[in-house]
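Okay, here's what each chain looks like letter by letter:
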Amino acid sequence: NFANVGRALPSLGIIAIGLGILGIGFLNVLVALVILVVPPLLTNAYVAVDRVDRDIVEAARGMGLTGWQVLRRVELPIALPLLFAGLRIGGVFAIGDATIASVAGGTSLGDPIVNPSLPDQDLVAAALWVAALAIVYYAALLLAERLLTPRGLRSQLDPMRAVA
């Protein structure tokens, strides 16, 4: 629940608060992005491991696996899709929020967008590049999830199934 507080805070508000505490520059933006990215990571990690069927965990313990082995060989492979969902969400949040970081004095993805002297087509091009970066990041993590998830745990509705 504590991690979810970060989800309710707007990124510009976090950067503005950071200006008073950390001043202008990269550190302020970095702290703001971490505050915004950590909640989906923690929430998905907790839910992913919590939703692993307890009968499976007990069966693994009954087979003689230690707690670390149960986590590594049973819980994490089953939880992998939700863990990757948190990474995808957090990364897309970071890419999107990094565009407004230039208002805090740092250089960022949003410099061309915030610069009012650029022609409109340059602003649109910069926004499209940021969107493309977010899509490429999302697709790369989807592919990594597909490669790392054990074959027996892949869903029939896997969106990457048509690619393979």
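Relevant structure appears above.
For clarity, every value in this text was computed on a predicted model and none was experimentally measured.

J.: Sorry, what's going on with the overall build of the chain here?
T.: Summing up its helical and strand segments, the chain has seven helices and zero strands in all. The buried share of the chain, taken over its 164 residues, is 33%. For the chain, long-range pairs separated by at least 24 residues make up 59% of all intrachain contacts whose partners lie at least 6 apart in sequence. Of the roughly 10,200 Å² that the chain leaves accessible, carbon and sulfur atoms contribute 69%.

J.: Any chance you could explain the pattern of salt bridges here in plain terms?
T.: In a structure, side chains of opposite charge can pair up when their charged atoms sit close to one another. Applying the stated criterion across every chain yields a total of three salt bridges. When the shortest N-O distance is used, the salt bridge between Arg 54 and Glu 75 registers 3.4 Å. Of this pair, Arg 54 sits in helix H4 (residues 54-62) while Glu 75 sits in helix H5 (residues 67-98), and the two are 21 residues apart along the sequence. A salt bridge links Arg 88 to Glu 145, with the nearest nitrogen and oxygen atoms 2.4 Å apart. Taken as a pair, Arg 88 in helix H5 and Glu 145 in helix H7 (residues 120-148) lie far apart in primary sequence, 57 residues in all. The exposure classification of Arg 88 matches that of Glu 145, with both residues buried.

So, how was this worked out
- Residues numbered from 1 in each chain as written.
- Predicted model: local features only at pLDDT ≥ 70, side-chain atom pairs only at ≥ 80, totals over all residues.
- Heavy atoms only, no water.
- Helix = DSSP H or I, 4+ residues; strand = E, 2+ residues; numbered from the N terminus.
- Buried < 20%, exposed > 50% of the residue type's maximum accessible area, 1.4 Å probe, protein only.
- Contact = heavy atoms within 4.5 Å.
- Areas by Shrake-Rupley, 256 points an atom, 1.4 Å probe, with all protein chains shown as cover.
- Salt bridge = Lys/Arg side-chain N within 4 Å of Asp/Glu carboxyl O.

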